[in-house]
Every structure is written in C-alpha cells, then in structure tokens.
Amino acid sequence: MPAMAQSVDAKTNEAAEPESLTDGFHLVIDALKLNDINTIYGVPGIPITDLGRFAQAEGMRVISFRHEQHAGNAAAIAGFLTQKPGICLTVSAPGFLNGLTALANATTNCFPMILISGSSEREIVDLQQGDYEEMDQLAIAKPLCKAAFRVLHAEDIGIAVARAIRAAVSGRPGGVYLDLPAKLLGQVMEAEAGRKSLVKVVDPAPRQIPAPDAVARALEVLKGAKRPLIILGKGAAYARADADIRALVEKSGIPYLPMSMAKGLLPDDHPQSAGPARSLVLKEADVVMLIGARLNWLLSHGKGKSWGEPGSKTFIQIDIEPREMDSNLEIAAPLVGDIGSCVSALLQGIDGDWQAPPSEWTDAITERKEKNVAKMSSKLLSNSLPMDFHSALGALRSIVKERPDAILVNEGANTLDFARSIIDMYQPRKRLDVGTWGIMGIGMGAAVAAAVETGKPVLAVEGDSAFGFSGMEIETICRYNLPVCVVVFNNNGIYRGTDVNPSGGPDVATTVFVKDSRYDKMMEAFGGVGVHATTPDELSRAVNEAMDSGKPTLVNAVIDEKAGTESGRIGNLNPQSVVSKT
Ligand code: ADP
Ligand code: MG
C-alpha cells in the first residue's frame, strides 16, 4: 500500500512522534498555502475555532468578522480582485447559512470564492437525531454554487481543496462549497503521507483560445458596422487583459460603455467613453460587442425602448461561458473563450485596412456627451444646505480624481445610482458595488477585502439604509486598523426620510429611520475617527484627512431627507397595486 493512502490513528500508533504526525486542521491549512492562498475571512466558533488559530499560527492572514455574510462578501471581492478564490470560513448550520448568501451572490457575479464550513457528525445528521447545529449543509449549498464537496477522510483534503480551487476559478468563475465535518479536522495522519497527499493545482484557470472562424466572423460583423459600440462588463475587469482591451478600443476607434464595475478599465474621461451618452448609444448603435457583460436586467435584456427598434442591432459577444450566448437575444457572432485570448485575437484583425467608425457616429456621441456633462456639472457645484446627492458627490468626485488608486465601494439606492454616474474612475478594478443582484449589504465586507488585498485606501460611499446591513463590521475595520473611510449618506431613511405612516398610527413609516442619527459616533465607539459633515467643504476635508492618515473613519454626511426617489433609478421594477396607492 503506498504511504499516501495510509491513515494512521494516533492512539494506536504509539511509536509515532507527534512531529511526524499531522491532522485535518493542518492539512487544510497546508493545502491552501501550497496553492498560494494566504488569507481567510471568517467568524470563529465550533468546530472551526482552532482552524483559524492554527492558520494564524502558520502565518496566514485570518480576518475575523462579526457576521459570516460580510466575511463571505469579503472573500468574494478578494476573488474578484486577485483571480484566486477568496476563502470564507464559518461554523455549522446558522453560520454556514449566513455565509451561503455571500456564496450565492459570488456565484451570480462570477466571482471565485470557497465557503469552507464546519459541520456536525454525518451519522447523526443523516439519521436526523438532533446534533448540535444539525444540518445537511452539502445538500443545501449545492443548488446555490458551482460545485459542492464534502471531505470525510484526512487523506482526501488535498484533492478536495484542489478540486474546489479549480471549480472556483476555471471557466466562468463562481462559488464553491467545501464541507468539513468536525471529526475530519481532528483526524491524524503521518506527516509525510499528509504532505504527499496535497495537490498544487497546475494552471487552475487554463486559457481558452477562441476558434479562428469565430474570430473571423466577429471581425466581419465589426467591419460592417456603421455605428458600432463596445460594452465592457465586470468579466472584462476580472480578466486582467487591461492593456489589450485598451488597445482594441483605441485601435478600432469604437466608442465604449463601461458597466459599473468595469468603470476605470479605461479612464472614464477617455475620449471614446460613451458613458455620458449612454441612452444615445444604446438606442442608435447597429453593432454591439459585449465583452464580459451579460444581457441581463442591468442592460434591459437588450430589449425595450432604451434599445431602439427591435432587430435593429447585431450582437457580438465575448464570454468564457458558451451557454451565455443567445440567453436573451440572438448573438450573431459568439466568441467563446477567455477575454484575454479573444481580445488579442481580435486585435490582430484590426490591421492596416481597418476603417475607424464614421465620424457622424462619433461626433454625435461627443456632442451628446458634452451636453450631458455640462448639465451635470452645474448641479455638482451647488452649495445648498442641507446637501443633496449631487453636491455631496461633487465633493467626492474630485477626491477620487485626485486619488485614482483608491478603491471605491458603493451601495445604496440613490447613493448608488448617482455615485455611479457622477464619480469617474481612472483605473481598473477600483469600483466595487452591488453587482448583478443589485443587493444591499456588500459594503463593509467589500471594503475590508479591498483594503486587505490591495493595501490601498478605500472610500466606501454608503446609503444609510445600505450601511445598516453590514455596519457592525466597522468594529472589524477598527480592529485591523484598515485604511477605510466610510461616508454614510444620511437622508433619514430608505429612499428618503419623509414618508409618514398612512394609518396615522404611532409607528413611523416603514421606510424611515431615527431622524438625525449620528453614525459617526458608532465609529468613535471603536476608536476610529467620526466626523459629522453638513456641507460639501466639511465632507471634503474629512475624507481627504482620512485618506491621508489611513485611519478608520466614518463621515456622517447629512443629506436632505427629501432628496431621494423611490428605489432610485429602478423604481419601475416595483409592482403597482390597483387597490391602494402609496
Ligand atoms: P456586468 O454586470 O458588468 O455586465 P456580468 O457579471 O453580467 O458583467 O458578466 C460578466 C461575464 O464575464 C460573465 O458572463 C462571465 O462568464 C464572463 N467572464 C468572467 N471572466 C471571464 C474571462 N476571464 N473570460 C471571458 N469571460 C469571462
Ligand atoms: Mg437613505
């Protein structure tokens, strides 16, 4: 029997020296480290408390959160920022379920992460005999992620971690669940056999070269375009083909539109950016090339009024996932492969006889951009009191311009919509937001991961409602002394703070919060810097100071409570009642 298949029980192996033994705990840690995974985001507790301790002792960075969902969101963002799976470690049943929300969100967003959860004893769980935190976690995780594995024997840990890494990062990235029953962690093996059982994954996300005829077809369609448009999505940001994407845009002369997390892939003030002429280009383009962006609700499924006449467009789509093609509309030129390989293949076709798009098209876009930019800029300078979204974001816009390598985290309803269009980004992967689901609650998890993974200052622009979902994690930010400045746009409620209880009863309306809350004092409670800002100047000063000092800071930015609109820009998604009117 080969040594690596041998599992040795410490109790019966009297002769073995402790240093010649290893166990489940250490095999998990060694397997991760062998694959250059050196950070864990999690919440300690039974049965994984010692796993975190040992990981820290072995030199891993272990960031403990207050709630698993935020640890999971941090792991997902770490995956997006590094192309390595972010690790979230949780306890069984409830901790696992808390982390599962983040795992599902990561999968939806195509971010690679691995949720590792401890679980109770299989024998008791499977007979439903009522164990501590009993739950069949594997079965529950399966439909919500790309792959789910359970490990029962210490000698399988190496293979399980390898499979989890491959599943998370290869092809379309996503979330993976790894179930570790408590008993596994204490299982003992000979150290040498343990070492041999580990797997260093070779080429975990292999390049996927597009077929030459698919490249030729895409170029053919592109060459026939009169009003071409490129849409860059967060898949393009993830792919790290920054230089080639920029070269493709610039050599082809085609205007481009960044989806929100693709902002900064080319600087937002690039002359070919069609961001400020979004409605014009979506409506008028005749050929649209999607690069790492899906035709989902964020793009109105490629249909409806915003897209002009039905059938007026021909689509080219670059994606690593073949089944993404034709998901909503016919894709005339599907280009299946990794974005780096696809873009570099296209670049070779943009050669000597390439014709830049007609100037009627590019001039019309420039004209519309100038008009919209002028309209916006006057609003940004307003010094009205209390601040509105525009004046507050006008201040933050300049700060981001002066600090292009800072990372912007952004969530909320109005706070999200306005910040997305007002704050220009200048470098790739600097904007982290609510992603494909448009969820609330990613803020502090994303901010922690951004600071930990990049070491750059982080500015988190949060609606007061959005902040509430992960607000307790400011203690985590203070505890690890992370360079995070949180700005809470405080308009006293969800959407706005002016709603009243329609029944006239004593409860406040469903969408309002305590008036004039002082979120800044929460930060002070944990030793961070708290600032109450009522004008754009005060806001500017506080944020600049925070970004210079790197001290954990929370700025309570007082926004006019009448300023927001229902559900921000997506109010149309609310169903309407024919019986009552709110
Ligand atoms: P956005 O929300 O910015 O429009 P989406 O999340 O909808 O972006 O789309 C991202 C797309 O990018 C997904 O369809 C995913 O399969 C794809 N993708 C992710 N990474 C790569 C890659 N390296 N190469 C090709 N496609 C990728
Ligand atoms: Mg609000």
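Not measured: the values here are computed from a predicted model.

Our next topic: the pairing of strand β19 (residues 553–558). With five of six residues buried, β19 is to be regarded as a mostly interior element. Judged from the six bridges that link them, strand β17 (residues 484–490) and β19 form a sheet pairing that is parallel. When the bridges of β19 are listed, Phe489 appears paired with Ala557. Note that strand β18 (residues 529–533) and β19 share five bridges and pair parallel. The partner of Val529 across the bridge, within β19, is Thr553. Regarding the hand of the β-α-β motif, the stretch spanning β18, helix α22 (residues 536–549) and β19 is right-handed.

This part is about the pattern of salt bridges. If the charged atoms of two oppositely charged side chains come close together, the side chains can form a pair. Taken as a whole, this structure holds 26 salt bridges when the rule is applied. A salt bridge links Arg397 to Asp424; its shortest N-O distance comes to 3.2 Å. Residue Arg397 is found in helix α16 (residues 389–402), and its partner Asp424 is found in the loop between α17 (414–422) and β15 (431–433); the two are separated by 27 residues along the sequence. The partner of Arg420 in a salt bridge is Asp417, with the nearest N and O atoms 2.9 Å apart. Placement of both Arg420 and Asp417 in helix α17 is noted, with a separation of three residues, approximately one turn of the helix. For Asp417, a relative accessible area of 7% gives the class buried. What you see here is one network of salt bridges that share partners, running through Arg122, Asp126, Asp136, Arg150 and Asp179.

Here the focus is the pairing of strand β16 (residues 458–463). Of all the six residues making up β16, six are buried; the element is thus mostly covered by neighbouring parts of the structure. Going residue by residue along β16, you find Val458, Ala460 and Glu462 tucked away on one face and Leu459, Val461 and Gly463 tucked away on the opposite face as well.

Now for the site of ligand 1. Close to ligand 1 lie 20 residues; Arg172, Lys234, Arg294, Asp319 and Ile339 are nearest. Measuring from an oxygen atom of ligand 1, one finds a backbone N or O atom of Gly292 at 3.3 Å. Contact between ligand 1 and Asp319: an oxygen atom at 2.4 Å from a side-chain N or O atom of the residue. Alone, ligand 1 offers 580 Å² of accessible surface; in the complex the protein occludes 95% of this.

Attention shifts here to empty space enclosed by the protein. All chains considered together, the criterion is met by one cavity of 30 Å³ or more. Estimated volume of the largest cavity: approximately 70 Å³. Along its surface, the largest cavity is lined by Asn73, Ala76, Ile77, Asn105, Asn109, Phe111, Asp433, Val434, Gly435, Ile442 and Ala446. Taken together, the elements giving at least two residues each to the lining of the largest cavity come down to α3 (68–82) and α4 (93–109). In terms of residue count, the dominant contributor to the lining of the largest cavity is α3 (three residues). In terms of residue class, the lining of the largest cavity is made up of six nonpolar, four polar and one charged. Three or more residues apiece are contributed to the lining of the largest cavity by two domains, here domain 1 (3–197) and domain 3 (381–558).

What follows covers the coordination of the magnesium ion (ligand 2). Taken together, the protein ligands of the magnesium ion (ligand 2) are Asp464 (OD), Asn491 (OD1) and Gly493 (O), with distances of 2.1 Å. Counting residues between consecutive donors of the magnesium ion (ligand 2) along the chain gives the motif D-x26-N-x1-G. Of the two residues, Asp464 is situated in helix α19 (residues 464–470) and Gly493 in the loop between β17 and α21 (519–525); the sequence distance between them amounts to 29 residues. On the accessibility criterion, Gly493 (2% relative accessible area) is buried.

Right, let's get into α17. Inspection of α17 places Asn414, Thr415, Leu416, Asp417, Ala419 and Ile422 among the buried residues, and these make up the whole buried set. Each element contacted by the buried residues of α17 is listed here: α15 (359–380), α16, β14 (407–411), β15, β16 and β17.

Taken together, Glu360, Asp363, Glu367 and Glu370 make up a surface patch of like negative charges. Mapped onto the elements, Glu367 comes out in helix α15. By relative accessible area, Glu367 is classed as exposed at 59%.

In this section: the domain arrangement of the protein chain. Assigned domains within the protein chain: domain 1 (3–197), domain 2 (212–366) and domain 3 (381–558). Domain 1 and domain 3 are separated by 33 Å when their C-alpha centres are compared. Between domain 1 and domain 3, the residue contacts involve 22 residues of the former and 24 residues of the latter. On the domain 1 side of the interface with domain 3, the three residues burying the most area are Arg66, His70 and Leu81, jointly 29% of the side's total. In this structure, Glu475 engages Arg66 in a salt bridge whose closest nitrogen and oxygen atoms are separated by 2.9 Å. At the level of elements, β2 (39–42), β3 (61–64), α3 and α4 are the ones that each hand at least two residues to the side of domain 1 that touches domain 3. The element best represented in the side of domain 1 that touches domain 3 is α3, accounting for eight residues. Split into classes, the residues belonging to the side of domain 1 that touches domain 3 amount to ten nonpolar, ten polar and two charged.

One can describe the packing of helix α1 (residues 24–34) onto helix α7 (residues 157–169) by two numbers: an axis separation of 9 Å at closest approach and a directional angle of 40°. The angle between the axes of α1 and α7 places the two elements in the oblique class. Here α1 runs over α7; the crossing is right-handed. Only Ile157, Gly158 and Val161 of α7 make contact with α1, whose side of the interface consists of Gly24, Leu27, Val28, Ala31 and Leu32.

One open sheet holds the five strands; their spatial order is β10-β9-β11-β12-β13, and the pairing between them is parallel. Across the chains shown, the open sheet's two edge strands, defined by having one partner strand only, are β10 (256–258) and β13 (333–336). Here the average twist between neighbouring strands, direction ignored, is 15°. Pairing geometry for strand β11 (residues 287–291) and strand β12 (residues 314–319), over five bridges, is parallel. Of the residues in β12, the one forming a bridge with Ile291 is Ile318. On top of the sheet, helix α12 (residues 242–252) reaches β9 (228–232), β10 and β11; it is set at about 165° to β9, its chief contact. Seen against the sheet, helix α14 (residues 339–349) touches β11, β12 and β13 and runs at an angle of roughly 130° to β12.

Criteria and thresholds
Residues numbered from 1 in each chain as written. Chains lettered and ligands numbered in written order. Predicted model: local features only at pLDDT ≥ 70, side-chain atom pairs only at ≥ 80, totals over all residues. Heavy atoms only, no water. Buried < 20%, exposed > 50% of the residue type's maximum accessible area, 1.4 Å probe, protein only. Helix = DSSP H or I, 4+ residues; strand = E, 2+ residues; numbered from the N terminus. Pairing = 2+ DSSP bridges. Right-handed = clockwise from strand over helix to strand, strands pointing away. Salt bridge = Lys/Arg side-chain N within 4 Å of Asp/Glu carboxyl O. Near = heavy atom within 4 Å. Polar contact = N/O pair within 3.5 Å; in protein donor to acceptor, adjacent residues only side chain to side chain. Areas by Shrake-Rupley, 256 points an atom, 1.4 Å probe, with all protein chains shown as cover. 1 Å grid on protein atoms, 1.4 Å probe; cavity = no way out; pocket = protein on both sides within 12 Å on 5 of 7 lines; lining within 4 Å. Points joined across faces, edges and corners; volume = space filled by probe spheres on them. Nonpolar A, V, L, I, M, F, W, Y, C, P; charged D, E, K, R; others polar. Domains from an automatic or database assignment. Donors = N, O, S within 2.8 Å, 3.2 Å for Na, K, Ca; no water. Contact = heavy atoms within 4.5 Å. Patch = residues over 30% accessible without salt bridge, like charges linked within 9 Å, V, L, I, M, F, W, Y side chains within 5 Å. Lys, Arg positive; Asp, Glu negative; His and termini not counted. Charge placed at Lys NZ, Arg CZ, Asp CG, Glu CD. Buried area = accessible area lost by both parts, 1.4 Å probe. Axes fitted to C-alpha atoms, helices over the stretch in contact; angles between N-to-C directions. Parallel < 35°, antiparallel > 145°, perpendicular 65-115°, else oblique. Left-handed = near helix turned anticlockwise from the far one by under 90°.

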